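Here is how the chains run, residue by residue.
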Amino acid sequence: MVAAVIFTNAHPQPATLNTHYDVIIIGTGAGGGTLAHQLALAGKKILVLERGAFLPTEKANWDTRSVFLENRYHTREVWSDKEGKPLHPGTGYWVGGNTKVYGAALFRLRAEDFERLEHRGGISSEWPVKYDEFEPYYCRAERLFSVHGRGGIDPTEPRRSQEFPFPAVSSEPRMQEIEDEVRTLGFKPFPTPLGLKLNEANMVESACIRCDTCDGYPCLVDGKADADVDCVRPVMHRPNVTLLTQAKVTKLITTASGRAIEGVEVEVTGAKNLQRFTADIVAVCCGAINSAALLLQSACDRHPRGLANSSDLVGRNFMFHQSGAILAITRSPNPSRYMKTFSLNDFYFGEKDYDFPMGNIQPIGSFLYEMMEGDAPPMTPDFVLKRMKTHAVPWWLTTEDLASTDNRVRIVDGEIRLEYTPNNTESFKRLMSRWTEVLKKVDALEHVVDLHAYFKKRISLEGVGHQNGTCRFGADPTKSVLDLNCRTHDVDNLYVIDGSFFPSCGAVNPSLTIIANAIRVADHLIERMK
């Protein structure tokens, strides 16, 4: 067993307990990593606790079998579903969180997503803070995560006060053909906003090499913008920053009144006993599922249903999108290495004869033949899969998942139980059907198959990369867990800063909104600590 390591002042040092911090940040994903970056630059004395280690740089980073079939970078932790059956979550515990293996598609929510929207499957909740307030933070988030894109093409694009910081990523010839053909049918494809450290004008200076092992893989050359590379590493050696890895927070301890956190209890790898750290402010940034779980596990006399849970909403309203992949096998070969260069939102808010939102369409960035093994008939020879791969175009489709108090995170016998019933499925099925119709017109489509190996075979619930909603924010303490600055209503120095705060999730990847909100809350915390 490798002992935990503290990084501070440029050199690893033994863990110490006698330091009081301005802020303790629990988790280093899109929320926690961004928050750490902002507070570190502001000079705040922070302790960053990460249950995982740094993801190793190794050849397996780009090995499809290791990444997708053996789930090398996913936790071995087992949760359960609503029936108590084992659930193997597609999530990883690393410095950088799930951004280490995300697709780096960094969309803004649409302005309408912040409003109350009627869907075929129900109502999407209104946000208490609107797009105009988030807009400048989206700009800062795009700069921090090196987002490439081009405005003015997407018909659903909200207003932006600044252009993308980097130019749109170009499409390879076959994908450009498809994009052009889609456009001739009257649709409006636009460049996918991507967080890549790519310099197409001068590849000698480009960290990103535009490979075929990007989307869903760890990046062996640090060419993908993530919370580790862009947020944690630039600040981890500052004298005001202490990063403790392989340190799992097990409980938050309150004062006798229950109105403040007075200690953070930590299980540190290599240490014989639980350790306790203190700070003026504690920020829980573990991801929507684990953040809710930590609050529930921290129940005490003053908070018998779980910490900050007077509303009984901690863990409820879990969302993760109605998402799926389809694989188009076309007559024309597709030699493209990286395909996630354009997206479509033409169906985002519905279409003629269907007045309900449907969602977003984008190609999957990387696709290799091993990904098909889980869905191919038994004993299918590799040469058949390789042949199919040369004519394959994979697509990822997303429809909004609607909040429901019955969809929730619970703790049962000390373990996470994820209770979820799908909703808004009619719009998702229509989106899949409509896009298949378009593909048939584009390239005399031979066959379309469901693709389950992109995440895992049970993509419906194990693929929790877009998790959100479990500690929603709002002004009313009886209808929300967090206030408008993501401070818990019940505990004065406790914040939750990840996807938990979402009242609704739109139909685009949530990472950029999580990052933008972390910057927004960081500004609030800096002002609070003056």
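As the structure is a prediction and not an experimental result, all values here were calculated from the model. (Residues numbered from 1 in each chain as written. Predicted model: local features only at pLDDT ≥ 70, side-chain atom pairs only at ≥ 80, totals over all residues. Heavy atoms only, no water.)

**Focus on empty space enclosed by the protein**
Space left empty within the atom packing is revealed by a probe, the size of a water molecule, rolled over the atoms. Scanning the model with the defined rule gives 6 cavities of 30 Å³ or more in all. As for the largest cavity, its lining consists of 14 residues, of which Arg110, Glu157, Arg160, Phe164 and Pro193 are closest to the centre. Put simply, the second largest cavity is a space of about 80 Å³. Residues of the lining of the second largest cavity, tallied by class, amount to 9 nonpolar, 2 polar and 2 charged. (1 Å grid on protein atoms, 1.4 Å probe; cavity = no way out; pocket = protein on both sides within 12 Å on 5 of 7 lines; lining within 4 Å. Points joined across faces, edges and corners; volume = space filled by probe spheres on them. Nonpolar A, V, L, I, M, F, W, Y, C, P; charged D, E, K, R; others polar.)

**What about the nonpolar core?**
Among the nonpolar cores identified, the biggest contains 104 residues, and Ile26, Leu49, Phe145, Leu252 and Val264 are the most heavily contacted of them. At 9 residues, the largest contribution of residues to this core is made by helix α10 (residues 511–528). Not counting residues up to four positions away in its chain, the partners in contact with Phe145 are Thr34, Tyr102, Leu106, Gly195, Ala225, Asp226, Ala227, Asp230, Cys231 and Ile515. With 40 residues, the next largest nonpolar core counts Leu344, Tyr354, Trp395 and Leu431 among its residues. (Core = buried A, V, L, I, M, F, W, Y, C linked by side-chain atoms within 4.5 Å. Buried < 20%, exposed > 50% of the residue type's maximum accessible area, 1.4 Å probe, protein only. Helix = DSSP H or I, 4+ residues; strand = E, 2+ residues; numbered from the N terminus. Contact = heavy atoms within 4.5 Å.)

**Some details on the side chain of Asn240**
Relative to the helices and strands, Asn240 is located in the loop between α5 (227–232) and β12 (241–244). Side-chain polar atoms of Asn240 contact the backbone oxygen of Lys44, separated by 2.8 Å. Setting aside its immediate chain neighbours within four residues, Asn240 contacts Leu39, Ala40, Gly43, Lys44, Lys45 and Ile46. (Polar contact = N/O pair within 3.5 Å; in protein donor to acceptor, adjacent residues only side chain to side chain.)

**Digging into the confidence of the model for the protein chain**
In the predicted model, the protein chain carries a mean pLDDT of 92, and the fraction of residues at 70 or more is 93%. The model gives residues 9–15 a pLDDT under 50, and that stretch makes 14 contacts with residues more than four places away or in other chains. (pLDDT = per-residue confidence, 0-100.)

**As for the packing of aromatic side chains**
Tallying each qualifying case throughout the model produces 23 aromatic pairs. Measuring from centroid to centroid gives 6.4 Å for Phe107 and Phe190, while their planes differ by 85°, and the two rings are edge-to-face. Of the two residues, Phe107 sits in the loop between β6 (86–87) and β7 (117–119) while Phe190 sits in strand β10 (residues 190–191), which places them 83 residues apart along the sequence. When sorted by exposure, Phe107 lands in the same class as Phe190, which is buried. For the pair Tyr354 and Phe356, a centre-to-centre distance of 5.5 Å together with 75° between the ring planes defines the contact as edge-to-face. (Phe/Tyr/Trp six-rings, centres within 6.5 Å; stacked < 30°, edge-to-face > 60°.)

**Description of the sheet that holds strand β21 (residues 415–419)**
Taken together, the 4 strands give an open sheet; going across it, the order is β6-β5-β21-β20, and neighbouring strands pair in mixed fashion. For this open sheet the edge positions go to β6 and β20 (408–412), each flanked by a neighbour on one side alone. As paired strands, strand β5 (residues 79–81) and β21 are joined by 2 bridges and run parallel to one another. Opposite Asp81, over in β21, you have Leu418 as the bridge partner. (Pairing = 2+ DSSP bridges.)

**Observations concerning the pattern of salt bridges**
Applying the stated criterion to the full structure yields 34 salt bridges. With a closest N to O distance of 3.1 Å, Arg183 and Glu179 form a salt bridge. Of this pair, Arg183 and Glu179 both sit in helix α4 (residues 173–184), separated by 4 residues, roughly a single helical turn. Among the ionic pairs, Arg259 bridges to Asp492, the shortest N-O distance being 2.5 Å. Of this pair, Arg259 sits in the loop between β13 (247–254) and β14 (261–268) while Asp492 sits in the loop between α9 (459–462) and β23 (494–496); the two residues are 233 residues apart in sequence, bridging distant segments of the chain. In this structure Asp492 comes out as partly exposed when scored by relative accessible area, which is 31%. (Salt bridge = Lys/Arg side-chain N within 4 Å of Asp/Glu carboxyl O.)

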